[in-house]
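# Remarks on the overall topology
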Amino acid sequence: MAKTKIAVLTGGGDAPGLNAVIYALTRSCKRNMDCELIGYKFGYRGLYHNDFMPLTMESTTGILHKGGTILYSSNKDNLFNYALEENGQIVKKDVSDIAVENMKKEGVDVLVVLGGDGTLTSARDFARKGVNVVGIPKTIDNDLVCTEQTFGFDSAVNIVAENLGRLHTTTESHHRVMVVEVMGRSAGWLALQSGIAGSADVILIPEIPYSLDKVVEKIYERDARGKYFTIIVVTEGAIEKGGAAVVGKMVADSPDPVRFGGIAAKIAMDLEKLVVHEIRSCALGHIQRGGDTSAFDRVLSVRYGVAAADLIRAKKFGNMVCFREGRMDYVSLEDVISGVCAGKSKNVDPHGELVRVAKDLGITFGD
Ligand code: F6P
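Scope of this entry: the structure provided in the associated data block. Residue positions are counted from 1 within each chain, in the order its sequence is given. Note on the predicted model: pLDDT of at least 70 is required for a residue's local features to be given, and 80 or more for side-chain atom pairs to be given and counted; whole-chain, interface and lining totals, by contrast, use all residues. Heavy atoms throughout the structure, all of them, feed into the side-chain values; hydrogens and water do not.

### So, the sheet that holds strand β8 (residues 177–182)
Spatial ordering of the open sheet is given by β9-β10-β8-β13, a layout of 4 strands whose pairing is parallel. The sheet terminates laterally at β9 (202–204) and β13 (279–283), the two strands that pair on one side only. Between one strand axis and the next, the sheet turns by 15° as a mean value, whatever way the strands run. Any two strands between which DSSP finds at least two bridges are classified as paired. Numbering goes from the N terminus for both helices and strands, where a helix is a DSSP run of H or I of at least four residues and a strand is a run of E of at least two. As paired elements, β8 and β13 share 5 bridges and run parallel to each other. Considered in β13, the bridge of V177 is made with I279. Axes here mean lines fitted to C-alpha atoms, for a helix over just the part in contact, with angles spanning 0 to 180 degrees between N-to-C directions.

See below:
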């Protein structure tokens, strides 16, 4: 039987654990089947330009713990609506057929796609074109449907919780209020879990619109208890009651061009008018996605990688590996993208157990 050629790409914003998935996928495939692996660089852009590198035991050694992705990534390149320059003008074109041709030329049998909703939507579209696709979900936001936890999330929670510890000591020294902005887009998972782990006093998440009056109440309630400092954790996409999310910038060509940013600074400015305390704000930014992968995520990622290798061997294409009820499983990419599992994105339940736990600890959500 002919060797199976497997191509891998990582798309969208990076997340700790991508390298661990590549490490495990390479090893599991090599160990269990006659195959060759390549990795396209910079996500779908590499597929379009036929720019790839070999993935071997040697080229993937020592990467299990490392954040980032040895294949590089891009969150701009949707080959079904790709920006090209023609006669000095930028035009959008469907260049997916070129990508399919490139795979045919290289003899690629299977395409493994690691990415978030945008990247996986294209994966679904390539599957519709007859490509043998296996998807693997990734995001530090943990907002992807059909899987209970994405790798990268736990690493980010740990980074935020650790930094909240650092901010605690300086905030307490100065009797200040510190507003800490964390990633997560329109999902509050990262703020909620890191806020609980990092002893935040206030957690503001997109799922629970907040009112600043409630935040002020909390600050003075703490003062009355002799706690003259307050730590507020806010998701970048959080919304004040009757208000709108704060957009930091727009990234042209990105499937989802909105980049949130600036809400912590805005809250700090608004709060300064309402309390006597000195306020500072801090946006943790891309620090949350950097550095080594947490031990939990390393284990979760290698499980995703091996489960993807299993799907390839079983020829179960057009599917995404997922993590359900404590075990690895798979679900069709069609279901993931159409929102059959539980809508288009997975959000915090404002009446769920985790929010209740936080409230019982005395954490305020501003509602
Ligand atoms: O989706 C992951 C994420 O890190 C979000 O939490 C954040 O809003 C966004 O990506 C940042 O994207 P970029 O890397 O383009 O700045």
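That shown, we press on.
### Section: the pattern of salt bridges
The term salt bridge refers to a side-chain nitrogen of Lys or Arg lying within 4 Å of a carboxyl oxygen of Asp or Glu. If you walk through the whole model with that rule in mind, you get 24 salt bridges. Close ionic contact of K5 with E106 constitutes a salt bridge, the shortest N to O distance being 3.9 Å. With a gap of 101 residues between them, K5 in strand β1 (residues 4–10) and E106 in helix α3 (residues 96–106) connect regions that are remote in the sequence. A simple rule labels every residue: compare its accessible area, found with a 1.4 Å probe on the protein chains alone, to the largest value its type can have, and call it buried under 20%, exposed over 50%, or partly exposed in between. The class of K5 is buried, set by a relative accessible area of 12%. Between R222 and D201 there is a salt bridge, with its nearest N and O atoms 2.9 Å apart. Of the two residues, R222 sits in helix α7 (residues 212–224) while D201 sits in the loop between α6 (189–197) and β9, which places them 21 residues apart along the sequence. Accessibility expressed as a relative area gives 8% for D201, which makes it buried.

### Quick notes on the packing of α7 against helix α8 (residues 263–272)
Orientation of α7 relative to α8, taken along the N-to-C sense of each, is 70°, at an axis distance of 11 Å. The angle between α7 and α8 places the two elements in the roughly perpendicular class. Considering only the axes of α7 and α8, their crossing is right-handed. Contacts between α7 and α8 involve L212, V215, V216 and I219 from the first element and I267, D270 and L271 from the second. Only Asp, Glu, Lys and Arg are considered charged in this grouping, and only Ala, Val, Leu, Ile, Met, Phe, Trp, Tyr, Cys and Pro are considered nonpolar; every other residue, Gly among them, is considered polar. For the contact of α7 with α8, the per-class residue count stands at 6 nonpolar, no polar and 1 charged. With respect to orientation, any angle under 35 degrees is reported as roughly parallel, any angle over 145 as roughly antiparallel, any angle of 65 to 115 as roughly perpendicular, and every other angle as oblique. The hand of a helix crossing depends on one turn: near helix anticlockwise from the far one by less than a right angle means left-handed, and clockwise means right-handed. Pairs of residues are marked as contacts when any of their non-hydrogen atoms sit within 4.5 Å.

### Considering the site of the ligand
Taken together, N75, I140, D141, M183, G184, R185, E236, R259, H286 and R289 form the complete shell of residues around the ligand. Here a polar contact is taken to be a pair of N or O atoms separated by no more than 3.5 Å, where protein atoms must pair a possible hydrogen donor with a possible acceptor and residues adjacent in sequence count only if both atoms sit in side chains. In this structure, N75 approaches the ligand through a side-chain N or O atom, which is 3.0 Å from an oxygen atom. Under the convention used here, a 1.4 Å probe and the Shrake-Rupley method define accessible areas, while residue burial counts only the protein chains that appear. Considered on its own, the ligand offers 400 Å² of accessible surface; in the complex 80% of this is hidden by protein. Per-class residue counts for the shell around the ligand are 2 nonpolar, 3 polar and 5 charged. Just so you know, the domain bounds were taken from an automatic or database domain assignment. Structurally, the shell around the ligand is a two-domain feature, drawing no fewer than three residues from each of domain 1 (4–151 + 293–337) and domain 2 (153–290). Nearness of a residue to a molecule or strand requires only that one of the residue's heavy atoms be within 4 Å of it.

### Considerations on the packing of helix α1 (residues 18–32) against helix α9 (residues 295–313)
It is the contact of α1 with α9, at a shortest axis distance of 7 Å, that shows an interaxial angle of 40°. Comparing their axes, α9 and α1 come out oblique. Crossing of α1 against α9: the hand is right-handed. Counting all contacts with α1, which are made through A20, V21, A24, L25, S28, C29 and N32, the residues of α9 involved are R298, S301, V302, Y304, G305, V306, A308, A309, I312 and R313. Among the residues forming the contact of α1 with α9, the class breakdown is 11 nonpolar, 4 polar and 2 charged.

### Points about unusual backbone geometry
With phi around 60°, F42 is a residue other than glycine that occupies positive phi space. If you trace the backbone, F42 turns up in the loop between β2 (35–40) and α2 (44–49). Since its relative accessible area comes to 32%, F42 is described here as partly exposed.

### Re the pairing of strand β5 (residues 89–93)
Pairing between strand β4 (residues 82–86) and β5: 5 bridges, direction antiparallel. By the bridge assignment for β5, L84 is matched with V91. Two successive antiparallel strands, β4 and β5, enclose a turn made up of 2 residues, where N87 displays a positive phi of approximately 50°.

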